[in-house]
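A look at the structure
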Amino acid sequence: MRYNYLVPIFQNALAKLNVNQDIELYFDVPKNESHGDFSSNIAMRLAKTLGKAPRAIAEDIIANLEYDSNLIESFEIAGAGFINIKLKNKFWTNILDSILLKAENFGRLEIGAGKKVNVEYVSVNPTGLLHLGHGRNAAIGDTVANLFDMLGYEVTREYYFNNAGNQMKNLAKSIYARYIQSVGNPEFPFPEDGYHGEYVKEIANELIAKYDKSLIDNNEQNLNSIRKFGEEWCFEKIKATLDRINIRQDVYFNEDSLYSDGKINEVIEFFKKEGLAYEKEDALWLALSKMGLEDDRVIVKSTGEPTYRLPDIAYHREKFRRGFDLIVDL
């Protein structure tokens, strides 16, 4: 705002001197406060073009300045041709008035008007509680989203809800083990790759309070119920923590939907059609070497289970399809 006020004043003066209006104007803050609030070296930069001494050019510029004397105290020439500018207190109090009037809209710009941006952040798997590292990511992501919002973009804040794959199966097995240990078999083995946090015991206790011993049988139906219970429990805690730090996202995209809506198979068929996927050793490989990388990578294991790359690719494909002008991942 300070510079925006000074630029047109100088531009008008330069126009009267028939100086090219494309020249950029810079205003620096002098190291010595007695030299004023701002200083410009425009006279020295024009010396070669105008064929005159910088101080003479500075005199011409000052003579042609039109300004509000209620806001500006003086323009003075210093050194080889610097123009020092002293502002009156009213200039600064006017800025404070403007800030108060605009309130939360102060500083808002229109650079991104008409453009859509997607910022995806946090996106923690619903297998446990948030920790400090997640909090850092959340703060950075929300700040980036806020900046885009202040620049005039239409911002979508998104959380990729990774609720499929091995990590969810491990959560279900972990809760089941604690559940069985609590309902009468304390020696029941805990899975080696399970989640060891105390929160798993909390989930198991709440599971007992709701279902008693009805989930004792180790079958797929019961494990699915336990997985869903644990997923909802973890995500409720995650959202409660985010809410405490005033972070609320617009979209919670479920990884599960990529499977149920056939998006994973769509991507596989697309890669095959484009000659970018091939089978080797009973697995499906993505030909990344054809896309500028050194090595190809497996996207479907020999067991038929996708690696993490495949749903991530399908997810980003869906984001692109939603018509964003810019996509930011944290």
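Scroll up to find the structure.
Let me begin by describing the structure that accompanies this report. What you see is a predicted model, and the numbers here were worked out from it, not measured in a lab.

1. Regarding the overall build of the protein chain
Across its full length, the protein chain holds eleven helices and ten strands. Relative to the compact-globule value of 20 Å for 330 residues, the protein chain shows a C-alpha radius of gyration of 32 Å, a clear excess of over 25%. Counting all 330 residues of the protein chain, 38% fall into the buried class. Sequence-distant contacts in the protein chain: of pairs separated by 6 or more residues, those separated by 24 or more amount to 62%.

2. Description of the packing of aromatic side chains
One pass over the structure, following the stated rule, counts 19 aromatic pairs. When the centroid spacing of 5.0 Å and the interplanar angle of 50 degrees are considered together, the rings of F253 and Y315 count as tilted. Of this pair, F253 sits in strand β6 (residues 251-254) while Y315 sits in helix α11 (residues 309-321), and the two are 62 residues apart along the sequence. Given a relative accessible area of 0%, Y315 falls into the buried group. Seen in terms of ring centroids, Y278 and W285 are 6.5 Å apart; in terms of plane orientation they differ by 10 degrees. Their pairing is stacked.

3. With respect to the sheet that holds strand β4 (residues 116-120)
An order of β6-β5-β4-β10 is seen for the four strands of this open sheet, with the pairing classed as parallel. The open sheet has two edge strands, β6 and β10 (326-329), and neither has a second partner. For this sheet the average axis-to-axis angle between neighbouring strands, irrespective of direction, equals 25 degrees. Pairing analysis gives four bridges linking strand β5 (residues 154-161) to β6, with the strands arranged parallel. Residue pairing for β6: Y160 is matched across the bridge by F253. The strands touched by helix α5 (residues 132-150) within the sheet are β4, β5 and β10, with β5 carrying the most contacts at an inclination of about 160 degrees.

4. A word on the sheet that holds strand β1 (residues 38-40)
Sheet strands pair by backbone hydrogen bonding; their relative direction is either parallel or antiparallel. Spatially, three strands are ordered β1-β3-β2 in an open sheet, and the strand pairing comes out antiparallel. Pairing within the sheet leaves two strands with one partner each, and these edge strands are β1 and β2 (72-78). Within the sheet, the average angular offset between the axes of one strand and its neighbour, ignoring direction, is 20 degrees. Its contacts with the sheet place helix α3 (residues 54-63) against β2 and β3 (82-87), and it is angled at close to 165 degrees to β2.

5. Some details on a negative patch on the surface
Taken together, the side chains of E202, E206, E232 and E236 define an acidic patch exposed on the protein surface. Broken down by secondary-structure element, the contributors of at least two residues to the negative patch are α7 (198-211) and α8 (220-244). Mapped onto the elements, E202 comes out in helix α7. Of the residues examined, E202 reaches a relative accessible area of 41% and is grouped as partly exposed.

6. Thoughts on α7
Helix length check: α7, at 14 residues, gives a terminal C-alpha distance of 20 Å against a target of 20 Å (1.5 Å per residue), a fit within 8%. Residues of α7 that are buried include every one of Y199, V200, I203, A204, L207 and I208, and no others. Against α6 (166-182) and α8 lie the buried residues of α7.

7. Observations regarding the packing of helix α10 (residues 263-273) against α11
Viewed as axis vectors pointing N to C, α10 and α11 meet at an angle of 95 degrees, and their least axial separation amounts to 9 Å. In terms of orientation, α10 and α11 fall into the roughly perpendicular class. Contacts from K263, I264, E266, V267, I268, F270 and F271 of α10 reach α11 at L310, P311, I313, A314, R317, E318 and R321. Of the residues contributing to the contact of α10 with α11, the split by class is nine nonpolar, no polar and five charged.

8. Focus: the nonpolar core
Of all hydrophobic cores here, the largest spans 25 residues; its most connected members are F10, I42, I61, I72 and I85. Those elements that place two or more of their residues in this core are α1 (2-16), α2 (42-50), α3, β2, β3 and α4 (89-102). The leading source of residues in this core is α1, at five residues. Discounting residues that sit within four places of it in the chain, I42 has contacts with F10, L14, I23, E24, L25, I61 and I83.

About the cut-offs
- Residues numbered from 1 in each chain as written.
- Predicted model: local features only at pLDDT ≥ 70, side-chain atom pairs only at ≥ 80, totals over all residues.
- Heavy atoms only, no water.
- Helix = DSSP H or I, 4+ residues; strand = E, 2+ residues; numbered from the N terminus.
- Rg over C-alpha atoms; globule rule 2.2 N^0.38 Å.
- Buried < 20%, exposed > 50% of the residue type's maximum accessible area, 1.4 Å probe, protein only.
- Contact = heavy atoms within 4.5 Å.
- Phe/Tyr/Trp six-rings, centres within 6.5 Å; stacked < 30°, edge-to-face > 60°.
- Pairing = 2+ DSSP bridges.
- Axes fitted to C-alpha atoms, helices over the stretch in contact; angles between N-to-C directions.
- Patch = residues over 30% accessible without salt bridge, like charges linked within 9 Å, V, L, I, M, F, W, Y side chains within 5 Å.
- Areas by Shrake-Rupley, 256 points an atom, 1.4 Å probe, with all protein chains shown as cover.
- Salt bridge = Lys/Arg side-chain N within 4 Å of Asp/Glu carboxyl O.
- Lys, Arg positive; Asp, Glu negative; His and termini not counted.
- Charge placed at Lys NZ, Arg CZ, Asp CG, Glu CD.
- Expected span 1.5 Å × (residues − 1).
- Parallel < 35°, antiparallel > 145°, perpendicular 65-115°, else oblique.
- Nonpolar A, V, L, I, M, F, W, Y, C, P; charged D, E, K, R; others polar.
- Core = buried A, V, L, I, M, F, W, Y, C linked by side-chain atoms within 4.5 Å.

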